[in-house]
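Understanding the architecture of this molecule
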Amino acid sequence: MILAADIGGTKTNLALFDWKTERVEAQRERTFYSKDHATFDEILAEFLKPPEPQAPKDIDAEGPSESSGSERPVEPAETPQIEAACFGIAGPVIGNRCQTTNLPWVVDGAEMAKRFNLPKVRLLNDLEATAHGILVLRPDEMEVLNPGSPPHARTTMALIAAGTGLGEAILFWHGTHYHPMASEGGHADFAPSSDLEIDLLRYLRINYLHVSWERVLSGAGLVNIYEFLRDQKKNEPTWVAERLKAGDPAAVIAEIGLNKGAEICVQALDLFTSIFGAEAGNLALKTLSLSGLYVGGGIGPKLLAKLKEGGFMRAFLNKGRYKRLMSSIPVRVIMNEKTALLGAASAAARMLQESSS
């Protein structure tokens, strides 16, 4: 049995898979809100508890009978023996250890293996896990933004994902298979490409010594863009301000913007989408990912309608003399929210195969 996890700043997903060589459905799966727990070990201990037993029901021709009090006690189910474990985690993984970027957690693979009696725990950057997951996705689990015209020979692919933070990863062709590589490109310097974006950078520098791409391309980044427009244009409706106070600001801005309920929210999504496309294009250009650029994370699928309006691809293609080359790169949005979890399971299965060969 394989244990896999996708450890994010907002949610942590864990699952058990009977994964041998092909993708299978999880046999047990749970989602935890990360900030409700002091450590990941706390979450893992809760997940690995045997499932609660369910009392059997007596069924006869008349239907379920009343309990007679004579049923045999039900033994709790046992957690199957785990042969390999792999966890995708939001942060840099160095020496199989990670200090998470958006949580006060330190996750150490070797220590967890000892504490939970696991043969081995491998940690992957969350985008590296998602990159593994891309390789097992079905075509109907992606939406096409640009079909492109990729070369017949397999070449590099790349992944950009906006959610609680911004992640980037690279998949290079190893001759026989794709090899995902982790990156912390989301923390590179934000590079504005218009006068409005230059003003946005100046606005953000008031509060941040270093303005990274993540400061504008994430849930918090969308809020930063909105507040910039609000303070610059003074066009925030009172009802929008009240809704922002009552709910998740990023989700509220996205909902109102997609429904075209307030011009400032539409403008925020327009600017966010354009910046998103520009950085996706930067990543594709730097890695020469002619076999495809994938958009992952929690935000892309939620803003799919906006991404399809054209602003994303206009910014993606806007690379001067390289516009024609950029137009040849396929661009797809990952719609399966469990891709990182599947990727962690896939990496664990490969690890198990290699250890037995």
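Here the structure is shown first, and the text comes after it.
Residues numbered from 1 in each chain as written. Predicted model: local features only at pLDDT ≥ 70, side-chain atom pairs only at ≥ 80, totals over all residues. Heavy atoms only, no water.

All right, on to the sheet that holds strand S14 (residues 293-296) then. Pairing between the strands of a sheet is mediated by backbone hydrogen bonds and can be parallel or antiparallel. Pairing in this open sheet of 6 strands is mixed, and the strands run S10-S15-S14-S11-S12-S13 from one edge to the other. Among the strands making up the open sheet, the edge pair consists of strand S10 (142-146) and strand S13 (178-182). Neighbour-to-neighbour, the strand axes of this sheet turn through a mean angle of 25 degrees, independent of strand direction. Contacts between helix H3 (residues 126-134) and the sheet are confined to strand S11 (157-162), strand S12 (166-173), S13, S14 and strand S15 (331-334), with S12 contributing the most and set at about 50 degrees to the helix. Sheet strands touched by helix H8 (residues 263-287): S11, S12 and S14. Its angle to S11, the strand with the most contacts, is close to 155 degrees. (Pairing = 2+ DSSP bridges. Helix = DSSP H or I, 4+ residues; strand = E, 2+ residues; numbered from the N terminus. Axes fitted to C-alpha atoms, helices over the stretch in contact; angles between N-to-C directions. Contact = heavy atoms within 4.5 Å.)

Before going further, it helps to spend a moment on the environment of Asn282. Turning to its location among the elements, Asn282 is positioned in helix H8. Considered as a pair, Asn282 and Val121 are 161 residues apart in the sequence and their alpha carbons are 34 Å apart. Aside from chain neighbours lying at most four places away, what touches Asn282 is Trp213 and Lys319. Among the polar contacts made by the side chain of Asn282, one reaches the side chain of Lys319 at a distance of 2.7 Å. (Polar contact = N/O pair within 3.5 Å; in protein donor to acceptor, adjacent residues only side chain to side chain.)

Turning to the pairing of strand S1 (residues 2-7), a few remarks are in order. Where a strand is regular, its side chains alternate between the two sheet faces. Burial analysis of S1 places 6 of its 6 residues in the buried class, which makes it a mostly covered element. In S1, alternate side chains face the same way, and those of Ile2, Ala4 and Asp6 on one face and Leu3, Ala5 and Ile7 on the other are all buried. Between the antiparallel neighbours S1 and strand S2 (residues 11-17) lie 3 residues. Direction of pairing for S1 relative to strand S6 (residues 84-89): parallel, over a ladder of 6 bridges. Counterpart to Ala5 in the pairing with S6 is Phe87. (Buried < 20%, exposed > 50% of the residue type's maximum accessible area, 1.4 Å probe, protein only.)

A separate point is the nonpolar core. By size, the foremost hydrophobic cluster in this structure holds 52 residues, and its most contacted members are Leu293 and Phe316. The leading source of residues in this core is H8, at 11 residues. Excluding residues within four positions of it along the chain, Phe316 makes contact with Gly277, Ala278, Ala280, Gly281, Ala284, Leu293, Met326, Ile329 and Val331. Among the nonpolar cores identified, the runner-up in size contains 31 residues, and Phe17, Leu137, Met142 and Leu341 belong to it. (Core = buried A, V, L, I, M, F, W, Y, C linked by side-chain atoms within 4.5 Å.)

At a minimum axis distance of 8 Å, the contact between helix H6 (residues 238-246) and helix H7 (residues 249-258) shows a crossing angle of 140 degrees. Taken together, the axes of H6 and H7 lie oblique to each other. Of the two elements, H6 crosses H7, and the hand of that crossing is right-handed. Between H6 and H7, the contacting residues are Trp239, Val240, Arg243 and Leu244 on the first element and Pro249, Val252, Ile253, Glu255 and Ile256 on the second. (Parallel < 35°, antiparallel > 145°, perpendicular 65-115°, else oblique. Left-handed = near helix turned anticlockwise from the far one by under 90°.)

With that settled, the discussion passes to the environment of His210. Relative to the elements of secondary structure, His210 occurs in the loop between helix H4 (195-205) and helix H5 (219-233). Note on His210: relative accessible area 38%, which makes it partly exposed. With 20 residues separating them along the chain, His210 and Phe190 place their C-alpha atoms 8.8 Å apart. Aside from chain neighbours lying at most four places away, what touches His210 is His187, Ala188, Asp189 and Arg215. Here Asp189 takes part through its side chain, which lies 2.6 Å from a polar atom of the side chain of His210.

This brings us to the pattern of salt bridges. Evaluation of the coordinates by the stated rule reveals 17 salt bridges. When the shortest N-O distance is used, the salt bridge between Arg30 and Glu46 registers 3.5 Å. Taken together, the residues span a long stretch of sequence, with Arg30 in strand S3 (residues 28-33) and Glu46 in helix H1 (residues 40-48) at a distance of 16 residues. Since its relative accessible area comes to 30%, Glu46 is described here as partly exposed. The shortest N-O distance in the salt bridge between Lys245 and Glu242 comes to 3.8 Å. Residue Lys245 and its partner Glu242 are both found in helix H6; the two are separated by 3 residues, about one turn of the helix. What makes Lys245 exposed here is its relative accessible area of 67%. Looking at Glu242, the relative accessible area reads 44%, which means it is partly exposed. Residues participating in the shared-partner salt-bridge network are Arg23, Arg138, Asp140 and Glu141. (Salt bridge = Lys/Arg side-chain N within 4 Å of Asp/Glu carboxyl O.)

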